[in-house]
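# Examination of the molecular architecture
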Amino acid sequence: MFGYVVVNKPELKIKEFDMYHEYYCGLCHRLQSCHKAASRFSLNYDYVFLIVLLSGLYEPEEICEKRRCMVHPVGKQRIRYNEFTDYVADMTVVLARLKCMDDWRDEKNFAGKVYGDILKKQYKKVQKKYPEKVEIIEQAILNLENAQRKKEENIDVVSGYSAKIFAEVFAVYDDEWEQSLRKIGFYLGKFIYIMDAFDDMENDIRDNIYNPFRMWYPEKGFDERVRKILMVNAAECAREFEKLPIVSEQVHILRNILYSGIWTKFAKISDRRKEDEKSL
C-alpha cells in the first residue's frame with residue numbers, strides 16, 4: 001500500500017482520530033513483536049484501514065495499553081491491537097518483501113533489495129502460516145510485473161492484477177463476509193494502483209519508467225479523466241462496504257476514509273499540477 005487510504009483528519013472527532021492512531025501504534029508494536037524491529041520500516045497508514053475494517057466487522061477482544069517507542073521516547077503512547085493486527089502485520093511483511101523484490105528486478109533498487117533480504121526470514125515464516133494465500137499474492141504480482149514489462153496500456157487490466165492482491169489480503173476467513181471483503185479489497189486495490197500511477201506520472205516520464213497513463217499525459221482534462229475512473233472504483237468499494245453489519249464506533253472512521261480520506265491525496269496532486277502549470 002502507498003499512503004492513499006487515510007483519514008481526513010479535520011472531519012473526524014478527536015476520540016475517533018485517537019482510536020485510529022491507537023490502531024496504527026498497535027500495528028507498529030505487533031510488527032516488532034511478531035517480526036522484529038526492521039519490519040516497522042514497512043509500516044503504513046493504509047494498513048490501518050484493514051485492521052479497523054476487520055475489527056469493526058468481527059468485534060474481537062482487544063488489548064489497549066500504553067507503551068514507549070523510539071518515535072515517541074518522552075511519553076507513553078496508547079496502543080490498541082487484536083488478532084487482526086497480527087494478521088495485518090503478517091501481510092505487511094509479505095507485501096513489503098515482494099515490493100522490494102519487484103523494485104530490484106525492475107529498477108535495480110539496491111536499497112530495496114537489501115531491505116527485502118532482511119525481511120526474507122520473516123516472509124518465509126508467514127508463507128508457512130498462509131501458504132495458499134501467499135502463493136496467490138505471488139502469482140498476482142508476477143502477472144502485474146509481466147503486464148508492466150509489456151507496457152500494458154489498458155488501465156483496467158493492469159490495475160486488476162493489483163486488485164487481486166488486495167482482494168486476497170482482505171479475505172481473512174471463508175465465511176459469509178468473505179465475498180464482500182474480497183470486493184472491497186479488489187476495488188480499493190484498483191483505486192490505489194490508479195492513484196499511485198497518477199501521482200508518479202511526471203517522475204515516471206522523467207525516469208523513463210512504465211506508467212499506464214503515459215499515453216494520456218499531458219492531454220487536456222487528464223486529471224478529470226483519472227478522477228472519473230477513481231470514482232467508479234471508490235463507489236463500488238463503498239457500496240460493498242455498506243452491506244457489512246458494522247455498527248460499532250469504528251464505522252465512523254471507515255466512512256471517513258472511504259468517502260473523504262482517500263480523496264485528500266488526489267486533491268493535493270491536482271493542486272500541485274495546477275501550480276506547476278502556472279509557473280511554466
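See above for the structure.
I will try to describe carefully the structure that is included in this document.

Cut-offs used in this document
Residues numbered from 1 in each chain as written. Predicted model: local features only at pLDDT ≥ 70, side-chain atom pairs only at ≥ 80, totals over all residues. Heavy atoms only, no water. Axes fitted to C-alpha atoms, helices over the stretch in contact; angles between N-to-C directions. Helix = DSSP H or I, 4+ residues; strand = E, 2+ residues; numbered from the N terminus. Parallel < 35°, antiparallel > 145°, perpendicular 65-115°, else oblique. Contact = heavy atoms within 4.5 Å. Nonpolar A, V, L, I, M, F, W, Y, C, P; charged D, E, K, R; others polar. Core = buried A, V, L, I, M, F, W, Y, C linked by side-chain atoms within 4.5 Å. Buried < 20%, exposed > 50% of the residue type's maximum accessible area, 1.4 Å probe, protein only. Patch = residues over 30% accessible without salt bridge, like charges linked within 9 Å, V, L, I, M, F, W, Y side chains within 5 Å. Areas by Shrake-Rupley, 256 points an atom, 1.4 Å probe, with all protein chains shown as cover. Salt bridge = Lys/Arg side-chain N within 4 Å of Asp/Glu carboxyl O. 1 Å grid on protein atoms, 1.4 Å probe; cavity = no way out; pocket = protein on both sides within 12 Å on 5 of 7 lines; lining within 4 Å. Points joined across faces, edges and corners; volume = space filled by probe spheres on them.

So, on to the packing of helix H10 (residues 222-241) against helix H12 (residues 264-279). Contact pair H10 / H12: the axes reach a minimum separation of 11 Å and the direction vectors enclose 170 degrees. Classified by the interaxial angle, the pair formed by H10 and H12 is roughly antiparallel. Two secondary-structure elements touch here, H10 through Phe-222, Asp-223, Val-226, Arg-227 and Leu-230 and H12 through Phe-266, Ser-270 and Arg-273. Residue composition of the contact of H10 with H12, grouped by class: four nonpolar, one polar and three charged.

Moving on to the environment of Ala-89. Mapping Ala-89 onto the fold places it in helix H3 (residues 83-107). Spatially, the C-alpha atom of Ala-89 lies 8.7 Å from that of Leu-43, the residues being 46 residues apart in sequence. Once residues within four sequence positions are removed from consideration, Ala-89 is found in contact with Leu-27, Arg-30, Leu-31 and His-35.

Moving on to the nonpolar core. Ranked by internal contacts, the top residues of the largest apolar core, which has 80 residues, are Phe-49, Leu-53, Ile-137, Phe-170, Phe-213 and Val-226. Per-element tally for this core: the top contributor is helix H8 (residues 178-199), with 10 residues. With residues near it in sequence (within four places) discarded, Phe-213 still touches Ile-155, Ile-194, Ala-197, Phe-198, Met-201, Phe-222 and Val-226. Formed by five residues, the second largest nonpolar core is a distinct cluster that contains Ala-96, Cys-100, Met-101 and Tyr-115.

Turning our eyes to something else, we now look at unusual backbone geometry. That bond from Tyr-217 to Pro-218 is cis: its omega, 5 degrees, falls within 30 degrees of zero. Phi angles above zero are rare outside glycine, and Glu-59 is one such case at about 50 degrees. Inspection of the secondary structure assignment puts Glu-59 in the loop between helix H2 (45-58) and strand S1 (63-67). With relative accessibility at 53%, the residue Glu-59 sits in the exposed group.

On the surface, a nonpolar cluster with roughly 290 Å² of combined accessible area is contributed by Phe-110, Val-114 and Ile-118. For Ile-118, the location among the structural elements is in helix H4 (residues 110-118). Residue classification places Ile-118 among the partly exposed residues on the basis of a relative accessible area of 48%.

In this section: the layout of surface pockets. By volume, the second largest pocket amounts to about 400 Å³. Around the second largest pocket sit 19 residues that line it, and Cys-28, Arg-40, Cys-69, Met-70 and Val-71 are the ones nearest its centre. The element contributing the most residues to the lining of the second largest pocket is helix H1 (residues 14-35), with seven residues. Counted by class, the lining of the second largest pocket contains 10 nonpolar, six polar and three charged residues.

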